[in-house]
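Okay, here's what each chain looks like letter by letter:
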Amino acid sequence: MKLNIEGLLVYFPYDYIYPEQYSYMLELKRTLDAKGHGVLEMPSGTGKTISLLSLIVAYQKAFPLEVTKLIYCSRTVPEIEKVVEELRKLMEFYSKQTGESNNFLALALSSRKNLCIHPEVSALRFGKEVDGKCHSLTASYIRAQRHSTPDVPVCRFYEEFDAVGRQVPLPAGIYNLDDLKDFGRRKGWCPYYLARYSILHANIVVYSYHYLLDPKIADLVSKELAKNSVVVFDEAHNIDNVCIDSMSVNITRRTLDRCHTNVDTLQNTIQKIKETDAAKLKMEYRRLVEGLKEANVARETDVYLANPVLPDEILKEAVPGNIRTAEHFVGFLKRFLEYLKSRLRVQHVVQESAPQFLKDIFDKVCIDRKPLRFCAERLQSLLRTLEIADIADFSAVTLISNFATLVSTYSQGFTIIIEPFEDRTPTIANPVLHFSCMDPSIAIKPVFQRFQSVIITSGTLSPLDIYPRILDFRPVTMASFTMTLARTCLCPLIVGRGNDQVALSSKFETREDFAVIRNYGNLLLEMSAIVPDGIVAFFTSYVYMENIVASWYEQGILENIQRNKLIFIETPDAAETSMALEKYQEACENGRGAILLSVARGKVSEGIDFVHHFGRAVIMFGVPYVYTQSRILKARLEYLRDQFQIRENDFLTFDAMRHAAQCVGRAIRGKTDYGLMIFADKRYARADKRGKLPRWIQEHINDGSLNLTVDEAVQLSKHFLRQMAQPFRQEDQLGLSLLTLEQLESEEMLQKIAKIAHQT
Amino acid sequence: MDEEPERAKRWEGGYERTWEVLKEDESGSLKATVEEILFQSKRKRVIESHGQVRLGMMRHLHVVIDCSRSMEDQDLKPNRLTSTLKLLETFVDEYFDQNPISQLGLITTKNKRAEKLTDLAGNPKKHAAALKKAVDTVCLGEPSIYNSLNLAIQTLKHMPGHTSREILIILSSLTTCDPANICELIKTLKSLKVRVSVIGLSAEVRVCTVLTRETGGSYHVILDESHFKELLMLHVKPPPASSSSECSLIRMGFPQHTIASLTDQDAKPSFTASGVAPGLSLGGYFCPQCHAKYTELPVECKVCGLTLVSAPHLARSFHHLFPLQAFIESPVEEFQEDRFCQACQGELKDKSIFTCPSCRSVFCVECDLFIHDLLHCCPCCIHSQSAP
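Because the structure is a prediction, the values reported are computed rather than measured.

Novice: Sorry, what's going on with the overall build of chain B here?
Specialist: Of the regular secondary structure elements, chain B holds twelve helices and 17 strands. For chain B, the proportion of its 388 residues judged to be buried stands at 44%. A fraction of 62% describes how many contacts in chain B between residues 6 or more apart in sequence connect residues 24 or more apart. If you sum the accessible surface of chain B, you get close to 20,700 Å²; carbon and sulfur atoms cover 54% of it.

Quick look at the structure:
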């Protein structure tokens, strides 16, 4: 259908539209008009992706000069593929409606592992191996060597691409990963480099967060993307953690050992080169004297995306003298390593700020701040000069040099924690140096600064106002959309008491309480008897789950549950978990019924959807607070309090509730789906917790379903499940939660739609 | 004091929210919407059934009754099992009333096994007796859909191709304990053209959805007892025959009821070939082919295999073939004359009225359903025909 969104003609490839989609597009259009950033929350399964795509594509077509590119960031490869498929549908609709052939270029980009077509390299199993092998075949000096000695192996796909691929741009069309591979095979071009090259002139790019947020990758891939692009972060409820992870460094004793061997190799290579080709090293030296001026020029003319690891000041200066020659630099690295080793030899926990660390390193081994800042750049230059093919082996030393640069660059927003052992195993020495980023805005800042509009969207972003605060940006729109429903297909219940009136809670004091554990067991048992097919139960942590399940076993609860359903358990092992998932789905499929016990923040809670019968009920045992004794967390909380005036408790609750919402949101993946959401903890009934749930869940929690006992919850669930089992067809939705064009354009409906978006 | 020894004390019973039933629903809350949808589907059913379709008038139906642990649940009063059996009794009566030339068999499943309660037969009394006796069964273990279907297939697959083969499962449990993969069995059922329908007593189970969708049956879940009854009665009506079922002429006998004493003075009571209570009697139906004697119709002759029916039986299933046309629904505002239902003489208060297309009489919703479900003819049309 063709929609008119405040004067913009939008092609929407379906005959029906959900009211909230229309509302979402309105808000999105306003954000783009204002050339600002937006935070939009819309429940999963209501067609977020297609709304985003159709509006932005329409915008691109209408104002080709104002928005040149859409950068769509998603989390996983399957999600990326889904986006591309939606896009393909949209483009087909366009060409059908307008009769013109499509002149849009859209493509997905993923790692070499997913795109390589080289017969040997693509057979490798791990991403790192593929990257390393690819690099050893395509690095510039390898290819240069081939001119003199033709038996050096190179990748013929890359050669072919390099020879002809750059002249002709990729023909317009929609390319997912497989399409790119097919195209590459047909032409004999390397799909990975083709894609990387093509994103510069593509209209739409779909790739993973890391290509934009992780400074190491962003520098390679996304540096030259046009400034007037629209960036969308989908499923962005965890974006702050992604930012933090991309800037944090953990150093263990093993890293240091490997680093040591790295440095030794470097030294040997330098020695060798010195004998054979001293001129090369001299040339490098000269280049370093000149400094990184060229890079600086590029950045000032605003061609590049800023790299947070490489701060602006560095670019203006020349590399300091004491690390300019290769030997000196290696010596410098060695000293730095020894220092780190000595720091790891502590017996007690140390926490210090970056300036403290710098002072200490200066006192102990006389390393200045300035050379440290150049460490990362200097190492890159050395590796290039030494023509070391397999960069994968040098990950350890790269990590250390990144650490050196970061620690000397940022005096704020980072903390250094050295722990001699893990909290759980105080007897085993396993020293770790955490260099942890506490400020997610550091990594994402260049993105906000560079691009004209950045949209952060997800099914669960509540409370909306906290994201702009922790990411430090000013959005022009913040809106939360509810789900319009023809029938109430979600049933959130807060179970606060057992049948014996014992308060249910996973809080620390009552965690070991026998009565609580028994009542939790009772809840699961009763639910297993009345909920058909699949139930997913989430615990707050693996330890807690182990304890509870062990004591259920002793009390015989587990045996009783097994009469109703089979039980599967998520473990930290990925292979085991995917096996359990597969069997779980099978059991749901053939009527035996199953329960999956899993952990909030685990793999299941983030990435797996439990559509229809795979998840008729989700039970959340306890509030999934993060492990509050962790020193990294404490440091972060302190930082948030000092810098952003966010109270510890607010942040912890926010974090717990967004994970709880993620978990229970697994059950509802669309309007025809239905599911129970059971929050089994007294604390959910409190306004401060409840108020932080997404609006589309919150509005279905009425006062009557607040502090229920297990029995009451069972009665309500039974009733709900029977209601939901009644036949439900598309016609029942029409006009209420599903609209045709005429219905949409009626005055009454437009008024209703205006109420869907909830501005904050 | 011990007038109700069976009933549990109030505080021992389940937790109920009786006030929820009475909930007002201005905001389009759950109950209102679901009920609206139900009403619509009720009407739809009436409308859908009208069309010239071939119906499978000779039905072979196996009813599978779940007797697993979950049947002891007390959400139907006094418990699910008793309530189900009671409703089934009326169902059996109704079934034979509407489908006199069909047969029915009962299967129970519990403790992972399936047992035959009664064989496929055409006599309602035997089934009713079996159902009465089954009230005392102990419910235990899990049901097995696979085993019950398998048991039903064993007899159904030998039934002739022109008859319809149906299985109706009344499932209370939410789990099934199967010895093998049920998907294979579903394929077999599909190839044998067995139609499986399920009535769920608790919630929607995926495997039943698949089972019914694949075999062309229906799947419903009850809301309460009256809804349960309604759903059961849906299965009384013969389903449309699949287009691929064979056509063949069927030999039928129409025996007259004769009492020997009227014609012959020294007649002696004789044994009947089959019946509920075998014994000596004077009168009976004699098979026109082999003169075997039966006390009741319809029956399949034990001696020569001829189907024996009486003419009224056939006539009774007649209305399925020529159903009453659907009445035209229109909003009550458009209706100008006196707002009274022609049937019950009550005032038309609902928002829509129903008009008979042939005599233009006006009816209310309740009467519309009553006429279509039970009378099968428009009372006003009949009245105008017989008047002159």
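Novice: Explain the sheet that holds strand β7 (residues 252-253) of chain B here, please?
Specialist: The strands making up a sheet are joined through hydrogen bonds of the backbone, oriented either antiparallel or parallel. Residues and elements named next belong to chain B. Strand order in the open sheet formed by three strands is β7-β14-β13, with mixed pairing between adjacent strands. Edge strands, defined here as strands with exactly one partner in the open sheet, are β7 and β13 (299-300). The pairing of β13 with strand β14 (residues 307-308) spans two bridges and is antiparallel. Bridging across to β14, valine 299 finds its partner in leucine 308.

Novice: What is the right way to look at the packing of helix α5 (residues 127-138) of chain A against helix α6 (residues 140-148) of chain A in this model?
Specialist: Angle between the axes and distance between the axes are the two parameters that describe a pair of packed helices. All names here are of chain A. Viewed as axis vectors pointing N to C, α5 and α6 meet at an angle of 40°, and their least axial separation amounts to 5 Å. Compared by their axis directions, α5 and α6 come out oblique. Between α5 and α6, the contacting residues are His135, Ser136, Leu137 and Thr138 on the first element and Ser140, Tyr141, Ile142 and Arg143 on the second. Per-class residue counts for the contact of α5 with α6 are three nonpolar, four polar and one charged.

Novice: Help me out: how do you make sense of the nonpolar core in this one?
Specialist: Within soluble globular proteins, side chains that are nonpolar generally end up buried alongside one another. Grouped together as the largest cluster of nonpolar side chains are 178 residues, with contacts concentrated most on A:Tyr207, A:Phe233, A:Ile239, A:Leu266, A:Leu340 and A:Phe403. The biggest single contributor to this core is helix α17 (residues 326-344) of chain A, with ten residues. If we skip the residues at most four places from it in the chain, A:Tyr207 touches A:Ile71, A:Tyr72, A:Cys73, A:Ser74, A:Ile80, A:Leu109, A:Ile199, A:Leu212, A:Val221, A:Ser222 and A:Leu225. Counting 73 residues, the second-largest nonpolar core is a separate cluster that includes A:Cys489, A:Tyr674, A:Leu708 and B:Ala203.

Novice: Could you clarify how one ought to interpret the UniProt feature "zinc finger region: C4-type" (unreviewed entry) in chain B in this entry?
Specialist: Here the UniProt-annotated "zinc finger region: C4-type" (unreviewed entry) positions come out as residues 287-304 of chain B. Helix makes up 0% of residues 287-304 of chain B and strand 22%, with an end-to-end C-alpha separation of 9 Å.

Novice: Where do I start with empty space enclosed by the protein in this structure?
Specialist: Leftover empty space is mapped by rolling, across the atoms, a probe with the size of a water molecule. Residue and element names in this part refer to chain A. Summed over the entire model, instances satisfying the criterion amount to five cavities of 30 Å³ or more. Counted as a void, the largest cavity has a volume near 90 Å³. Lining the largest cavity we find 14 residues, and of these Cys116, His118, Cys134, Cys155 and Cys190 sit closest to its centre. Partitioning the lining of the largest cavity into residue classes produces eleven nonpolar, two polar and one charged.

Novice: Is there a simple way to explain the UniProt feature "domain: VWFA" (unreviewed entry) in chain B in this structure?
Specialist: Within this numbering scheme, the UniProt entry marks residues 60-202 of chain B as carrying the feature "domain: VWFA" (unreviewed entry). Taken as a whole, residues 60-202 of chain B contains 36% helix and 27% strand, while its terminal C-alpha atoms sit 27 Å from one another.

Novice: Whenever I open this one, helix α20 (residues 375-386) of chain A confuses me. Can you help?
Specialist: Residue pairs spaced three or four apart in an α-helix point in one direction, given the helix's 3.6 residues per turn. Residues and elements named next belong to chain A. If you check α20, its first and last C-alpha atoms are 16 Å apart, about what twelve residues at 1.5 Å a residue would give, namely 16 Å. Three or more residues of α20 are buried, namely Cys375, Ala376, Arg378, Leu379, Ser381, Leu382, Leu383, Thr385 and Leu386. Count one or two residues on from α20 and you reach glutamate 387, which has phi positive near 55°.

Novice: Before we go on, may I ask you to explain the sheet that holds strand β12 (residues 293-294) of chain B in this structure?
Specialist: Residue and element names in this part refer to chain B. If you walk across this open sheet you meet the three strands as β8-β11-β12, and the pairing is antiparallel. Each edge of the open sheet is held by one strand with a lone partner, namely β8 (257-259) and β12. The pairing of strand β11 (residues 283-286) with β12 spans two bridges and is classified as antiparallel. From the neighbouring strand, phenylalanine 286 faces β12, where its bridge partner is lysine 293.

Definitions and cut-offs
- Residues numbered from 1 in each chain as written.
- Chains lettered and ligands numbered in written order.
- Predicted model: local features only at pLDDT ≥ 70, side-chain atom pairs only at ≥ 80, totals over all residues.
- Heavy atoms only, no water.
- Helix = DSSP H or I, 4+ residues; strand = E, 2+ residues; numbered from the N terminus.
- Buried < 20%, exposed > 50% of the residue type's maximum accessible area, 1.4 Å probe, protein only.
- Contact = heavy atoms within 4.5 Å.
- Areas by Shrake-Rupley, 256 points an atom, 1.4 Å probe, with all protein chains shown as cover.
- Pairing = 2+ DSSP bridges.
- Axes fitted to C-alpha atoms, helices over the stretch in contact; angles between N-to-C directions.
- Parallel < 35°, antiparallel > 145°, perpendicular 65-115°, else oblique.
- Nonpolar A, V, L, I, M, F, W, Y, C, P; charged D, E, K, R; others polar.
- Core = buried A, V, L, I, M, F, W, Y, C linked by side-chain atoms within 4.5 Å.
- UniProt positions renumbered as here; feature names shortened; annotations may be inferred.
- 1 Å grid on protein atoms, 1.4 Å probe; cavity = no way out; pocket = protein on both sides within 12 Å on 5 of 7 lines; lining within 4 Å.
- Points joined across faces, edges and corners; volume = space filled by probe spheres on them.
- Expected span 1.5 Å × (residues − 1).

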